[in-house]
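Listed below are the residues making up each chain.
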Amino acid sequence: MSFWDLLFIAIGLAMDALAVAIGKGLAANGECKKICIITGLYFGSFQTFMPFLGFLCGETISQYITSVSKIVSLILLVLIGLNMIRETIRETDKEESASLSVKVMLPAAVATSIDAFAVGVTFAALEVNIIIAVLLIGFIAFLFSCIGAKIGSIFGSRFEKQSGILGGIILILIGIKIFVVGH
């Protein structure tokens with residue numbers, strides 16, 4: 001898998017974090033730097049850890065799925081992308097989006113990184129350099145979270161839904177590319 005494929009996967013996965021960070025930024029009330037750092041650390045950390053965990057799980061079964069890795073990648077990435085789009089379209093509670101407490105941020109970080117776990121399983125089947133992949137995914141998630149919080153504090157809720165939908169579309173297109181062209 002090329003660096004560009006990994007970069008686009010990282011961007012696609014970070015769109016969930018971007019959308020949530022935009023929601024956090026809406027409630028910034030002058031604390032944009034704090035929101036940027038907290039959301040970036042939560043989402044970046046989980047987006048780094050979850051694909052690694054998925055990779056470890058995938059390594060144990062990769063010998064069984066290597067022969068069908070293209071179809072498995074297609075199915076997982078399309079399902080992840082469709083789920084991102086579905087979750088983005090659903091309404092979120094605005095009061096909950098203002099909180100930076102562990103009780104709110106931990107579930108949000110887990111929820112936005114479940115997709116990354118599944119991508120990690122796919123990485124095991126595709127023999128991806130997992131260290132480069134998880135560091136890139138985590139960095140992009142951190143960066144997009146910071147950008148999202150800033151966008152939210154400046155522009156309001158205009159781009160929240162579009163970023164989640166775009167992330168889902170990117171993952172679906174990468175799944176199709178892997179299936180048609182290979183990794």
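Please read all numbers here as calculations on a predicted model, not as lab measurements.

## Remarks on the overall build of the protein chain
- Counting its regular elements, the protein chain contains seven helices and zero strands.
- For the protein chain, the α and β elements follow one another from N to C terminus as α-α-α-α-α-α-α.
- In the protein chain, which comprises 183 residues, the share counted as buried stands at 51%.
- The contacts of the protein chain with a sequence gap of at least 6 include a subset with a gap of at least 24, amounting to 93%.
- As displayed, the protein chain has an accessible area near 8,900 Å², and 71% of this comes from carbon and sulfur atoms.

## Considering the side chain of Gln47
- Along the polypeptide, Gln47 turns up in helix H2 (residues 32-65).
- Using a relative accessible area of 0% as the deciding quantity, one classes Gln47 as buried.
- Dropping the residues within four chain positions of it, Gln47 is found in contact with Leu13, Thr112, Ser113, Ala116, Ile137, Gly138 and Ala141.

## Here we look at the environment of Ser99
- In this structure, Ser99 sits in the loop between helix H4 (94-98) and helix H5 (102-126).
- Each C-alpha atom of the pair Ser99 and Ile35 lies 9.7 Å from the other, and the pair is 64 residues apart in sequence.

## Quick look at helix H6 (residues 130-155)
- Its 26 residues give H6 an end-to-end C-alpha distance of 36 Å, which sits within 8% of 38 Å, the value for a rise of 1.5 Å per residue.
- The N-capping residue of H6, defined by a side-chain oxygen 3.2 Å from the backbone nitrogen of Ile131, is Asn129.

## Here we look at the environment of Leu74
- Within the secondary structure layout, Leu74 lies in helix H3 (residues 69-89).
- According to the relative accessible area criterion, Leu74 is buried, its value standing at 17%.
- Not counting residues up to four positions away in its chain, the partners in contact with Leu74 are Gly175, Ile176 and Phe179.

## Some thoughts on the confidence of the model for the protein chain
- Residues of the protein chain with pLDDT of at least 70 account for 81%, and the chain-wide mean is 80.
- Per-element confidence in the protein chain is highest for H6, whose mean pLDDT is 92, and lowest for H4, whose mean pLDDT is 52.

## Examining the nonpolar core
- Ile11, Phe123, Ile140 and Phe144 are the most contacted members of the largest nonpolar core, which totals 43 residues.
- Looking at which element gives the most residues to this core, the answer is helix H1 (residues 3-26), with eleven residues.
- Excluding its chain neighbours within four sequence positions, the residues that come into contact with Phe123 are Met1, Leu6, Ile9, Phe55, Val128, Ile130, Ala133 and Ile137.

## Structural notes on H1
- Over its 24 residues, H1 runs 33 Å from end to end, which matches the ideal 34 Å to within 8%, given 1.5 Å per residue.
- Met15 marks where H1 bends most, by close to 35°.
- Within H1, 19 of the 24 residues are buried, which leaves the element mostly enclosed by the surrounding structure.

The rules we used
- Residues numbered from 1 in each chain as written.
- Predicted model: local features only at pLDDT ≥ 70, side-chain atom pairs only at ≥ 80, totals over all residues.
- Heavy atoms only, no water.
- Helix = DSSP H or I, 4+ residues; strand = E, 2+ residues; numbered from the N terminus.
- Buried < 20%, exposed > 50% of the residue type's maximum accessible area, 1.4 Å probe, protein only.
- Contact = heavy atoms within 4.5 Å.
- Areas by Shrake-Rupley, 256 points an atom, 1.4 Å probe, with all protein chains shown as cover.
- Expected span 1.5 Å × (residues − 1).
- Polar contact = N/O pair within 3.5 Å; in protein donor to acceptor, adjacent residues only side chain to side chain.
- pLDDT = per-residue confidence, 0-100.
- Core = buried A, V, L, I, M, F, W, Y, C linked by side-chain atoms within 4.5 Å.
- Bend = angle between axes of the 7 residues up to and from the residue.

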